[in-house]
Amino acid sequence: MKKNATNIEQYHLHKGYPEKLQFEVFNLKDYLAINGAHAQLPHSHSFYQILWIYNEGGVHFIDFDAHLVKANSIFFISKNQIHFFDKDANHEGVLIHFNESFLMQSDVDIFLKYNVFNNQGKPCYCITEEIIDLANSYIHLIKKEKAKAKGFGHQQVIRYLLKSLLIVLERAHRQNVEENIRLTSQYELQYLQFRELIEQYYKKNYTVSDYANLLHISTKTLTTITKTITTKPPSVLISERVILEAERLLAFTSLKVNEIAYELGFEDASYFVKYFKRYLKKSPTQYRALIFNV
């Protein structure tokens, strides 16, 4: 485990400059030559990142897992996710950054955000020659359009090309794992909207009733939705997000347990300890010790 600091460094894309294109594409080798020292330390982004590594070698660290890098590995790094690069790896590839505002809030966009970028435990996979050619063609078109900064419909063209690239990659992934892409019922859309709200408010200690009110539905309906889609009640999904952030703060920062409790919206640190232990069967202190003994 990497040495931790008081806070996890978070990087931004054109923060404070909404007039700029909220999207960037980089040559990975060139990017790491300039930013490698920062990229090799645990950090997060306030934006989304697509990392396509051409060559095999080394590992890439996402949250608590080390992922072996194989040829043509695609990594999807979500907003606020902790990750860092292997300092010994000699990566070549493409790096795409974009802010959430760059994807419009259609049903498909919400699906992409929560099935491509928030796929816990499966943040990467390898693509085949057929998909490599197709993905390269989209990236070529994106770069070509990016050079036309004052062209009519400039942002829209890049946005649609990015969405198309994500859809093509997700189709290929689902085909490989024998899962169908679904966004066919109102329950599925409401579930994704619930996930969106959790991401926005998980530090506020909101109850199931609070989230149901934000969705303009009853708690009973919300429970039916989440159990239909995931078999889990909404309270568990809320707690899982809080616990994930607690794990990140314990693993990647030197914040004290009471500071982490406050950061996550707990007024009583002792209640936070009980809450954490209820889900992971160990106290925050025991968890941190275990992480650093691995």
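Residues numbered from 1 in each chain as written. Predicted model: local features only at pLDDT ≥ 70, side-chain atom pairs only at ≥ 80, totals over all residues. Heavy atoms only, no water.

Enquirer: Is there a simple way to explain the overall build of the protein chain in this structure?
Expert: Secondary structure summary: the protein chain contains 11 helices and 10 strands in total. Burial status across the protein chain gives 47% buried among its 294 residues. Long-range pairs, those at least 24 residues apart, make up 72% of the contacts in the protein chain with a sequence separation of at least 6. When the accessible surface of the protein chain is summed, it comes to about 15,300 Å², and 51% of that surface belongs to carbon and sulfur atoms. (Helix = DSSP H or I, 4+ residues; strand = E, 2+ residues; numbered from the N terminus. Buried < 20%, exposed > 50% of the residue type's maximum accessible area, 1.4 Å probe, protein only. Contact = heavy atoms within 4.5 Å. Areas by Shrake-Rupley, 256 points an atom, 1.4 Å probe, with all protein chains shown as cover.)

Enquirer: I tried to follow the packing of aromatic side chains on my own but got confused; where do I start?
Expert: For any pair of aromatic rings, the description rests on two quantities: the centre-to-centre distance and the angle between the ring planes. Summed over the entire model, instances satisfying the criterion amount to 17 aromatic pairs. Ring geometry for Y206 against Y211: centres 5.9 Å apart, planes inclined by 65°, an arrangement best described as edge-to-face. On the basis of relative accessible area, Y211 is assigned to the buried category, the value being 0%. Centroid distance Y275 to Y279: 5.5 Å. Interplanar angle 50°. Geometry classified as tilted. Taken together, the positions of Y275 and Y279, both in helix α10 (residues 269-280) and four residues apart, correspond to about one turn of that helix. Overall, Y275 belongs to the buried group, its relative accessible area being 9%. Taking the relative accessible area as the measure of exposure, Y279 reaches 31% and is therefore partly exposed. If you follow K20 out to its NZ or CZ, it ends over the ring of Y17, 5.0 Å from the centre. Over the aromatic face of F102 sits the side chain of R159, whose NZ or CZ is 5.0 Å from the ring centroid. (Phe/Tyr/Trp six-rings, centres within 6.5 Å; stacked < 30°, edge-to-face > 60°. Lys NZ or Arg CZ within 6 Å of the ring centre and 35° of its normal.)

Enquirer: What should I look at first to understand helix α3 (residues 129-146) in this one?
Expert: Helical geometry: 3.6 residues make up each α-helical turn, so side chains three or four residues apart lie on a common side. The end-to-end C-alpha distance of α3, which contains 18 residues, comes to 25 Å, matching closely the 26 Å that a straight helix rising 1.5 Å per residue would cover. All buried positions along α3 are accounted for by I131, I132, A135, Y138, I139, I142 and E145. Seen from one end, α3 has its buried residues packed into an arc of 160°, which puts them on one side. Away from the buried face of α3 by more than 90 degrees, exposed residues E129, E130, D133 and H140 are located. (Expected span 1.5 Å × (residues − 1). Arc of directions from axis to C-beta.)

Enquirer: How should unusual backbone geometry be read in this particular structure?
Expert: In terms of backbone geometry, most residues other than glycine have negative phi values and most peptide bonds are trans. One non-glycine residue, N72, lies in the positive phi region at around 60°. Structurally, N72 can be placed in the loop between β6 (65-68) and β7 (73-77). Take N72: its relative accessible area is 15%, and that puts it in the buried class. Here H216, not a glycine, exhibits a phi torsion of approximately 60°, which is positive.

Enquirer: Is there a simple way to think about empty space enclosed by the protein in this case?
Expert: Left-over empty space is what a probe sized like a water molecule reveals as it rolls over the atoms. In total, this model carries two cavities of 30 Å³ or more according to the counting rule given. Lining the largest cavity are I50, W52, I74, V94, I96, A135, I139, L165 and L169. Taken together, the residues of the lining of the largest cavity sort by class into nine nonpolar, no polar and no charged. (1 Å grid on protein atoms, 1.4 Å probe; cavity = no way out; pocket = protein on both sides within 12 Å on 5 of 7 lines; lining within 4 Å. Points joined across faces, edges and corners; volume = space filled by probe spheres on them. Nonpolar A, V, L, I, M, F, W, Y, C, P; charged D, E, K, R; others polar.)

Enquirer: Help me understand the pairing of strand β9 (residues 93-98) in this model?
Expert: Regular strands place their side chains on alternate faces of the sheet. Of all six residues that make up β9, six are buried, and the element is covered over most of its length. Every second residue of β9 is oriented toward a common face, with G93, L95 and H97 on one face and V94, I96 and F98 on the other, all of them buried. The sheet contact formed by strand β2 (residues 23-27) and β9 spans five bridges and is antiparallel. Bridged to F23 within β9 is F98. (Pairing = 2+ DSSP bridges.)

Enquirer: Sorry, what's going on with the pattern of salt bridges here?
Expert: Think of it this way: side chains of opposite charge can pair up when their charged atoms draw near. In this structure the tally under the stated criterion is nine salt bridges. Residues E199 and R241 are paired through a salt bridge, measuring 2.9 Å at the closest nitrogen-oxygen approach. With a gap of 42 residues between them, E199 in helix α5 (residues 186-201) and R241 in helix α8 (residues 234-252) connect regions that are remote in the sequence. Each member of the salt-bridge network shares a partner with another, and the members are D63, E199, R241, E245 and R248. (Salt bridge = Lys/Arg side-chain N within 4 Å of Asp/Glu carboxyl O.)

Enquirer: What's the story with the state of the cysteines in this structure? I'm lost.
Expert: Simply put, disulfide is the name for a covalent bond between the sulfur atoms of two cysteines. Scanning the model with the defined rule gives zero disulfides in all. Between C124, a cysteine without a disulfide, and C126, which holds the nearest cysteine sulfur, the sulfur-to-sulfur distance is 7.3 Å. For C126, a relative accessible area of 33% translates into the label partly exposed. (Disulfide = S-S within 2.5 Å.)

Interpretation note: all reported values are geometric properties and have no functional meaning in isolation.
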